[in-house]
Amino acid sequence: MAAKGFHSSLKMDLNCIAFSRFPSTSSRYPIPILFSSNYPKVSTFTTYCLSKNTCNTSNSFLMEYPDGKEMPLELYSEKIRHYCKKGCLSEAMSCLSEMQALGFYPNMLCYSCLIEVLGTSGRTLEAEMVFQEMIFLGFRPKVGVFNVLLRGFLRKGMLELGVKALRVMEELGVGENHETFEIFLDYYVSAGRLSDTWRIIGEMKRKGYKLSGFVYSRVIEVYRDNGMWKKAMEIVSEISELGVPVDRRICNSIIDTFGKYGELSEALEVFGKMREEGIVPNIVTWNSLIKWHCKAGELKKALDLFTDMQDQGLYPDPKIFVILISRLGEQGKWELLKENFEIMRRRGHLKMGAVYAVLVDIYGQYGRSQGAEDCISALKAEGVQLTSNIFSVLANAYAQRGLCEDTVKVLQIMEAEGIEPNLIMLNVLINAFGIAGRHLEALSVYHHIIESGINPDVVTYTTLMKAFIRAKKFSMVPDLYQKMESSGITPDRKAREILQTALMLIEQI
């Protein structure tokens, strides 16, 4: 698709990020085809998108077999499962390809292992292909396999594919379980689909599922994101009355709610109580406290928390680096940034230290690397594993500075590494164009999201609305707001504020 309205200075097309690899939703998961005798031969798919990375394994006796002799079927299956356990996806897929070339197919356990590892690694297209081959060969996947697929589809924002997967479950007589409902609940809350959220909770109650701490934590977050933080706190009282154990997930949601609304002392109080009760804070807990203290301008406390987190033996999360670096950079505290870098290196966090240094470079201090390719090359040289999380952090750093070409380049390199773009990354790209004042490009990304079979979420719409505000295209905001509501997404507090701002500015024109 040619991106309409792109500035001539941007010498790239959105298809360079290979979104075209997402087939349309009507053809990617057609239910009748799964059971059709005309289903195409599937053994050739295993050459699809193999990573260039190699995998070292200590289990050498399993990996070696005399040349010229054909391995038995059982050993092929064992190799595939072994590679999956080690996270060696390329080797597992190559082994499957060898097996198929000999006319063999693995057993159901092997297929399940492959789908699980591919799905959790973000390689949803390959997981789906393995699944379709599994169905074609007559295997009946269990609910756990479907849950892996559902989680992968919904993580990418592909709601229609998730719904179609449910239909396949029904056709095969595979019933949903508690986890299935929680997967959809997680997606609906994140996407801002409130009516669907309450519908899922109601359905869980009707089916007799006990609402877990996870469900209650997401309900707290629903109220938090819609400006009803006091209502969120009422849920906490309800939890206590029902005798539901207050676990780490619930504590994290409460801390984040207090932090978002500037109640930092209350957030720290909950943090202290959870530790007193033996609930160990995880990286999500620390990230939330550090983030909200940064945004409130409490940088000293944020850095103290950052140090305390490392004292507890937790590796710093690169996501929090962007917030720390941007806030300290705004105040010109580059020496303090350098000091934190040295502390990480002394603690042995060399790879995370490398990510930190690259991010500082992106924000313009160290000056060693110039663009996305150089930064990623520097990370590879330090032995940093390039995960979707790392790519997302790098893209977000470039986006916050309005460096659109570098943001797109990160997405291109990510795809070349075999990691598929998801909605989070595309929202980051919209933000990059918005900050740069290039609302037409931002709008083109939005259109491309829809054409790729991905359902925009509340972040997509609010980010695009902000892009229109920056470009002084105020009249486009109400129309987009209306589209958001008609798509089933409930506008959050931020979206409502942007709409009010746009309407006020329209009246002044």
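Presented here is an overview of the structure given in this document. (Residues numbered from 1 in each chain as written. Predicted model: local features only at pLDDT ≥ 70, side-chain atom pairs only at ≥ 80, totals over all residues. Heavy atoms only, no water.)

**Regarding the overall build of the protein**
For clarity, the cut-off: Counting from the N terminus, the helices are DSSP H or I runs at least four residues long and the strands are E runs at least two residues long. For the exposure calls, accessible area comes from a 1.4 Å probe over protein chains only, and a residue counts as buried if that area is under 20% of its type's maximum, exposed if over 50%, partly exposed in between. Contacts are residue-level and defined by heavy atoms, with any inter-residue pair within 4.5 Å sufficient.
Along the backbone of the protein there are 28 helices and 0 strands. Classification of the 509 residues of the protein by burial places 54% in the buried group. Sequence separation of at least 24 residues holds for 66% of the intrachain contacts in the protein that already meet a minimum separation of 6.

**Let's talk about a positive patch on the surface**
Put simply, the rule reads: Nonpolar side chains (Val, Leu, Ile, Met, Phe, Trp, Tyr) are joined into patches within 5 Å and like charges within 9 Å, using only residues with over 30% relative accessible area and no salt bridge. Here the open area of atoms and residues is found with the Shrake-Rupley method and a 1.4 Å probe, where only the protein chains shown may cover a residue. A pair is scored as a salt bridge if a Lys or Arg side-chain nitrogen falls within 4 Å of a carboxyl oxygen belonging to Asp or Glu. When charges are counted, Lys and Arg are positive and Asp and Glu negative, with His and the chain ends excluded. Where a charge lies is defined by one atom per residue type: Lys uses NZ, Arg uses CZ, Asp uses CG and Glu uses CD.
A surface patch of like charges, here positive, comprises K295, R493, K494 and R496. Looking at which element gives the most residues to the positive patch, the answer is helix α28 (residues 493-508), with 3 residues. Take R496: it is sitting in helix α28. Its relative accessible area of 30% is what places R496 among the partly exposed residues.

**Observations regarding the packing of helix α9 (residues 159-172) against helix α10 (residues 178-191)**
The description of two helices packed together rests on the angle between their axes and the distance between the axes. Convention followed: Axes here refer to lines fitted to C-alpha atoms; in helices the fit is confined to the stretch in contact. Angles between the N-to-C directions go from 0 to 180 degrees. These descriptions rest on fixed angle ranges, namely under 35 degrees for roughly parallel, over 145 for roughly antiparallel, 65 to 115 for roughly perpendicular, and the rest for oblique. What makes a crossing left-handed is the near helix being turned counterclockwise from the far one by less than a right angle; a clockwise turn instead makes it right-handed. As a working rule, the residues Ala, Val, Leu, Ile, Met, Phe, Trp, Tyr, Cys and Pro are called nonpolar, Asp, Glu, Lys and Arg charged, and the rest polar, with Gly in that last group.
Orientation of α9 relative to α10, taken along the N-to-C sense of each, is 165°, at an axis distance of 12 Å. Between α9 and α10, the angle is such that the two are roughly antiparallel. For the element pair α9 and α10, the recorded crossing hand is left-handed. Across the interface between the two elements, L159, G162, V163 and L166 of α9 pack against T180, F184, Y187 and Y188 of α10. Residues of the contact of α9 with α10, tallied by class, amount to 6 nonpolar, 2 polar and no charged.

**A short note on the packing of aromatic side chains**
Let me state the cut-off plainly: Two aromatic rings from Phe, Tyr or Trp, using only the six-membered ring of Trp, form a pair when their centres are within 6.5 Å; if the ring planes differ by under 30 degrees the pair is stacked, by over 60 it is edge-to-face, and anything between is tilted.
Evaluation of the coordinates by the stated rule reveals 9 aromatic pairs. Here W198 and Y223 contribute two aromatic rings whose centre-to-centre distance is 5.9 Å and whose plane-to-plane angle is 45°, an arrangement assigned as tilted. Linking W198 in helix α11 (residues 194-206) with Y223 in helix α12 (residues 213-225), this pair joins segments that are 25 residues apart in sequence. W198 sits in the partly exposed class, given a relative accessible area of 37%. On the numbers, 5.6 Å between centres and 65° between planes, the contact of Y446 with Y461 is edge-to-face. One end of the pair, Y446, is in helix α25 (residues 439-451); the other, Y461, is in helix α26 (residues 458-470), with 15 residues separating them in the sequence.

**Some thoughts on the pattern of salt bridges**
Following the criterion strictly, the structure yields 19 salt bridges and no others. For E179, the salt bridge identified is with R151, shortest N-O distance 2.8 Å. Of this pair, E179 sits in helix α10 while R151 sits in helix α8 (residues 143-155); the two residues are 28 residues apart in sequence, bridging distant segments of the chain. A residue is classified by how much of its surface remains accessible, and E179, at 36% relative accessible area, is partly exposed.

**Quick look at the environment of K295**
Looking at the secondary structure, you find K295 in helix α16 (residues 283-295). As for K295 and R327, which are separated by 32 residues in sequence, their C-alpha atoms are 8.0 Å apart.

**Section: helix α18 (residues 318-330)**
This is how it is decided: For a helix, the expected span equals 1.5 Å multiplied by the number of residues minus one.
Over its 13 residues, α18 extends 19 Å from the first C-alpha to the last, a length consistent with the 18 Å expected when each residue adds 1.5 Å. For α18, the full list of buried residues reads P318, I320, F321, V322, I323, L324, I325, S326 and L328. Positive phi shows up at G332, right after α18, with a value of about 70°.

**Topic: unusual backbone geometry**
The backbone of K472 sits at a positive phi, close to 60°, despite the residue not being glycine. You can call K472 exposed: its relative accessible area is 64%.

**Regarding the state of the cysteines**
Going by this rule: What counts as a disulfide here is a pair of cysteine sulfur atoms lying within 2.5 Å.
All told, the structure shown has 0 disulfides when counted by the stated rule. Of the cysteine sulfurs around C113, a residue in no disulfide, the closest is that of C84, at 5.5 Å. With a relative accessible area of 18%, C113 lands in the buried category.

**Points about helix α7 (residues 124-136)**
For α7, which comprises 13 residues, the first-to-last C-alpha distance of 18 Å matches the rise-based estimate of 18 Å (1.5 Å per residue) to within 8%. Those residues of α7 not exposed but buried are T124, L125, E126, A127, E128, V130, F131, Q132, E133, M134 and I135. Just downstream of α7 lies G138, where phi reads positive at about 95°.

**Describing the side chain of D256**
Within the secondary structure, D256 is located in helix α14 (residues 248-260). On the accessibility criterion, D256 (13% relative accessible area) is buried. Those residues within four positions of D256 in sequence are excluded, and the remaining contacts are R224, S288, K291 and W292.

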